[in-house]
Amino acid sequence: YNANNAQGTAPTDSTTYQNGVTVTVLDQGTLKREGYVFTGWSKTENATAADYQPGETFVITENTTLHAVWKEQDKVTLTYNKGSADTGTQVPSAQSVVAGQQVTLADSLTKTGYDFLGWVKDDEEHIIDDENQIALPNRVYQAGETINLFEDMVLFPLWIDSGLRKNHYLVLYRPNGGNDSEFKESTAYLVENGTDHGIIGDEPFRQGYTFLGWKSNIDGQIYKKADTRDAAHSCTITSDVTFTAQW
């Protein structure tokens, strides 16, 4: 058995077979290859299709080497659109990874008269330049944030008028391994300085875990949903804050 550029230990068949005897194909042992999946064994070196699967049999008529066959895992791509960023601003490079692997999001962009708030997955960039229109997309990604990429994604910049930004702060909720459709509808808010922010009532779900509350990256306190307006259920917003689910 030949590993064919893989790491680990290939199986060993120490049996000496008589001509015409039936042989059972062994499994892949501890073989692994970064970015690839094992699809079987082939009599041909560097084959793209397997002749045999573990547990299958063949009749041996000569000395035989079976080579591991590897298929490159499907990759997904994260691309960026700079929207109306200043002329000369370079578009961040696209990132391609195996589906499910992590990527770190690109740095912020610049736009005269506006502040960069993050990246959004809308069909176009999002610009906030009116105090009466400060609703945010469902999900705001931060520059430098690490996410798991499961499908192709295009990110656009989220801008806010620099004058508005001076008196408004970003409030983000991160499920931290939780997954719930209702929660995903309310993960980002833009609130005025000094606002008494009631913790959202929607709670993420995580199989096998109990949700304990939302931990603030500002004061370290764990908050619960705002059934009341006491200190355990609401907080005064005086800076950007991220609440992360605790399990």
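So, how was this worked out
- Residues numbered from 1 in each chain as written.
- Predicted model: local features only at pLDDT ≥ 70, side-chain atom pairs only at ≥ 80, totals over all residues.
- Heavy atoms only, no water.
- Helix = DSSP H or I, 4+ residues; strand = E, 2+ residues; numbered from the N terminus.
- Rg over C-alpha atoms; globule rule 2.2 N^0.38 Å.
- Buried < 20%, exposed > 50% of the residue type's maximum accessible area, 1.4 Å probe, protein only.
- Contact = heavy atoms within 4.5 Å.
- Areas by Shrake-Rupley, 256 points an atom, 1.4 Å probe, with all protein chains shown as cover.
- pLDDT = per-residue confidence, 0-100.
- Phe/Tyr/Trp six-rings, centres within 6.5 Å; stacked < 30°, edge-to-face > 60°.
- Lys NZ or Arg CZ within 6 Å of the ring centre and 35° of its normal.
- Polar contact = N/O pair within 3.5 Å; in protein donor to acceptor, adjacent residues only side chain to side chain.
- Salt bridge = Lys/Arg side-chain N within 4 Å of Asp/Glu carboxyl O.
- Pairing = 2+ DSSP bridges.
- Core = buried A, V, L, I, M, F, W, Y, C linked by side-chain atoms within 4.5 Å.

*Asks:* Please set out the overall build of the protein chain residue by residue, giving values where relevant.
*Replies:* Helix and strand counts for the protein chain come out as two helices and 19 strands. Here the C-alpha atoms of the protein chain give a radius of gyration of 27 Å, more than 25% beyond the 18 Å that 2.2 N^0.38 yields for 247 residues. Along the first, second and third principal axes, the C-alpha set of the protein chain runs to 85 × 50 × 25 Å. Expressed as a percentage of its 247 residues, the buried residues of the protein chain come to 36%. Here the contacts in the protein chain between residues at least 6 apart in sequence split such that 66% fall between residues at least 24 apart. Working note: accessible area of the protein chain is about 13,900 Å², and carbon and sulfur atoms make up 42% of it.

*Asks:* Outline the confidence of the model for the protein chain, listing residues and values.
*Replies:* Per-residue pLDDT for the protein chain averages 88, and the proportion of residues at 70 or more is 92%. At the low end of the mean pLDDT range in the protein chain sits helix 2 (residues 181–184), at 48; at the high end sits strand 1 (residues 22–24), at 96.

*Asks:* Give a detailed account of unusual backbone geometry, specifying residues and quantitative values.
*Replies:* Residues other than glycine seldom take positive phi values, yet asparagine 4 does so here, at roughly 55°. Mapped onto the elements, asparagine 4 comes out in the segment before strand 1. Given the relative accessible area of 9%, asparagine 4 is considered buried. Backbone geometry at asparagine 46 places phi at a positive 60°, although glycine is not the residue there. Mapped onto the elements, asparagine 46 comes out in the loop between strand 2 (36–42) and strand 3 (57–59).

*Asks:* I'd love a proper account of the packing of aromatic side chains, names of residues and values included.
*Replies:* Throughout the structure, instances matching the rule amount to 13 aromatic pairs. When the ring of tyrosine 173 is compared with that of tyrosine 189, the centres are 6.1 Å apart and the planes differ by 80°; the resulting orientation is edge-to-face. With tyrosine 173 in strand 13 (residues 168–174) and tyrosine 189 in strand 14 (residues 188–192), this pair connects stretches of sequence that are 16 residues apart. Under the relative-accessibility criterion, tyrosine 189 is labelled partly exposed at 28%. Taken together, Tyr173, Tyr189, Phe211, Trp214, Tyr223, Phe243 and Trp247 form an aromatic cluster joined through their ring pairs. Cation over ring: lysine 111 sits above tyrosine 114, and NZ or CZ is 5.0 Å from the ring centre. Across the ring face of tyrosine 209, the terminal group of arginine 206 is positioned such that the distance to the ring centre comes to 4.0 Å.

*Asks:* So what about the environment of threonine 146? Which residues, and what values?
*Replies:* The residue threonine 146 is located in strand 11 (residues 146–148) in this model. For threonine 146, a relative accessible area of 40% puts it in the partly exposed group. For threonine 146 and leucine 105, which are 41 residues apart along the polypeptide, the C-alpha to C-alpha distance reads 6.3 Å. Ignoring sequence-local partners within four residues, the contact set of threonine 146 consists of Gln102, Val103 and Thr104. A distance of 3.4 Å separates a polar atom in the side chain of threonine 146 from a polar atom in the side chain of threonine 104.

*Asks:* Would you mind going over the pattern of salt bridges in detail, with residue names and values included?
*Replies:* Using the criterion set out here, one finds four salt bridges in the structure. Aspartate 240 is the salt-bridge partner of arginine 165, the closest N and O atoms lying 2.6 Å from each other. Residue arginine 165 is found in helix 1 (residues 162–165), and its partner aspartate 240 is found in the loop between strand 18 (234–236) and strand 19 (241–246); the two are separated by 75 residues along the sequence.

*Asks:* Which residues make up the sheet that holds strand 17 (residues 222–223), and what values go with them?
*Replies:* Pairing is mixed in the open sheet, where five strands are placed in the order 14-13-19-16-17. Whereas interior strands pair on both sides, the edge strands pair on one side only; in this sheet they are strand 14 and strand 17. Of the strand pairs in this sheet, strand 16 (residues 213–216) and strand 19 are connected by four bridges, and their pairing is antiparallel. Across the sheet, residue glycine 213 finds its bridge partner in strand 19, namely glutamine 246.

*Asks:* Can you explain the nonpolar core? Please cite residues and give values.
*Replies:* Leu78, Leu105, Trp119 and Leu155 are the most contacted members of the largest nonpolar core, which totals 17 residues. Secondary-structure elements contributing two or more residues to this core are strand 5 (75–80), strand 8 (114–120) and strand 12 (153–161).

*Asks:* Quick rundown of the side chain of threonine 89? Include the residues and the values.
*Replies:* Within the element layout of this structure, threonine 89 appears in the loop between strand 5 and strand 6 (95–98). Threonine 89 gets classed as buried once you look at its relative accessible area, which sits at 15%.

*Asks:* Run through the environment of valine 97, naming residues and quoting values.
*Replies:* Positionally, valine 97 belongs in strand 6. As a C-alpha pair, valine 97 and valine 76 span 21 residues in sequence and 5.7 Å in three-dimensional space. Those residues within four positions of valine 97 in sequence are excluded, and the remaining contacts are Asp74, Lys75, Val76, Gln102, Val103 and Leu149.

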